[in-house]
Amino acid sequence: MLTALTLIQDASNEILISPASYWEIAIKISIGKWRLNRPHDAFIDIGLNQHGFRILPILPTHTARLIVLPFPAGHKGPFDGVLTRNKQCLRLGKGGTPSDAVR
């Protein structure tokens with residue numbers, strides 16, 4: 001079974017991040033659930049510029065799917081729904097990578 005870390009470390013995979021993910025990271029830091037060993041801006045910059053993460057778009061078509069599809073079971077936060085629909089609209093696999101890009 002491939003883990004997220006394994007997929008990220010595989011240079012043949014494209015690494016994608018949703019704005020909802022880094023928004024949620026900031027929220028978790030602000031409420032004390034997470035701590036970073038560097039400022040949030042530097043953490044995001046390292047992911048984008050040193051590790052090559054690409055930002056996924058959140059388009060109106062992604063959010064429109066929130067209206068017509070049931071909210072995912074076990075998900076409580078609003079960003080969970082956005083992430084799920086974002087992946088569905090972009091046809092991404094379970095790990096967040098394009099299904100055909102996982103080797």
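Here is what the cut-offs are and how they apply
- Residues numbered from 1 in each chain as written.
- Predicted model: local features only at pLDDT ≥ 70, side-chain atom pairs only at ≥ 80, totals over all residues.
- Heavy atoms only, no water.
- Helix = DSSP H or I, 4+ residues; strand = E, 2+ residues; numbered from the N terminus.
- Buried < 20%, exposed > 50% of the residue type's maximum accessible area, 1.4 Å probe, protein only.
- Contact = heavy atoms within 4.5 Å.
- Axes fitted to C-alpha atoms, helices over the stretch in contact; angles between N-to-C directions.
- Parallel < 35°, antiparallel > 145°, perpendicular 65-115°, else oblique.
- Left-handed = near helix turned anticlockwise from the far one by under 90°.
- Expected span 1.5 Å × (residues − 1).
- Salt bridge = Lys/Arg side-chain N within 4 Å of Asp/Glu carboxyl O.
- Patch = residues over 30% accessible without salt bridge, like charges linked within 9 Å, V, L, I, M, F, W, Y side chains within 5 Å.
- Areas by Shrake-Rupley, 256 points an atom, 1.4 Å probe, with all protein chains shown as cover.

Chemist: What exactly am I supposed to notice about the overall build of the protein here?
Modeler: Scanning the protein from N- to C-terminus turns up five helices and two strands. When the helices and strands of the protein are read in sequence order from the N terminus, they spell out α-β-α-α-β-α-α. Taken across its 103 residues, the protein has 25% of its residues classed as buried. Considering only contacts within the protein whose residues lie at least 6 apart along the sequence, 58% involve residues at least 24 apart.

Chemist: It is not clear to me how the packing of helix H2 (residues 19-30) against helix H3 (residues 40-50) should be interpreted in this structure. Could you clarify?
Modeler: When two helices pack together, their arrangement is captured by the angle between the axes and the distance separating the axes. Contact geometry for H2 and H3: axes closest at 11 Å, N-to-C directions at 150°. The pairing of H2 with H3 is recorded here as roughly antiparallel in orientation. H2 and H3 meet at a crossing whose hand is right-handed. Packed against H2, whose contacting residues are Tyr 22, Ile 25, Ala 26 and Ile 29, the element H3 presents His 40, Phe 43 and Ile 44 at the interface.

Chemist: I would appreciate a short explanation of H2 in the present structure.
Modeler: Residues spaced three or four apart along an α-helix point in a common direction, a consequence of the helix completing one turn every 3.6 residues. Taking 1.5 Å per residue, twelve residues should reach 16 Å; H2 reaches 17 Å between its end C-alpha atoms and fits that length. Remark: Gly 32 follows H2 within two positions and exhibits a positive phi of approximately 85°.

Chemist: Before we go on, may I ask you to explain the environment of His 51 in this structure?
Modeler: Among the secondary structure elements, His 51 is positioned in the loop between H3 and strand E2 (54-55). Classification of His 51 as exposed rests on a relative accessible area of 51%. With sequence-adjacent residues up to four places away left out, His 51 is seen in contact with Ile 15 and Ile 46.

Chemist: Which parts of the structure should I look at to understand the pattern of salt bridges?
Modeler: If charged atoms from side chains of opposite charge come close, those side chains can pair. Inspection of every chain in the model, using the stated rule, returns one salt bridge. One salt bridge in this structure joins Arg 54 and Glu 14, with 2.4 Å as the shortest N-O distance. Separated by 40 residues along the polypeptide, Arg 54 in strand E2 and Glu 14 in the loop between helix H1 (4-9) and strand E1 (16-17) bring together distant segments of the chain. Judged by relative accessible area, Arg 54 falls into the partly exposed class, the value being 45%. A residue is classified by how much of its surface remains accessible, and Glu 14, at 34% relative accessible area, is partly exposed.

Chemist: Sorry, what's going on with a nonpolar patch on the surface here?
Modeler: Taken together, Trp 23, Ile 27 and Ile 31 make up a surface patch of nonpolar side chains, about 330 Å² in accessible area. Residue placement: Ile 27 occurs in helix H2. A relative accessible area of 34% means that Ile 27 is categorised as partly exposed.

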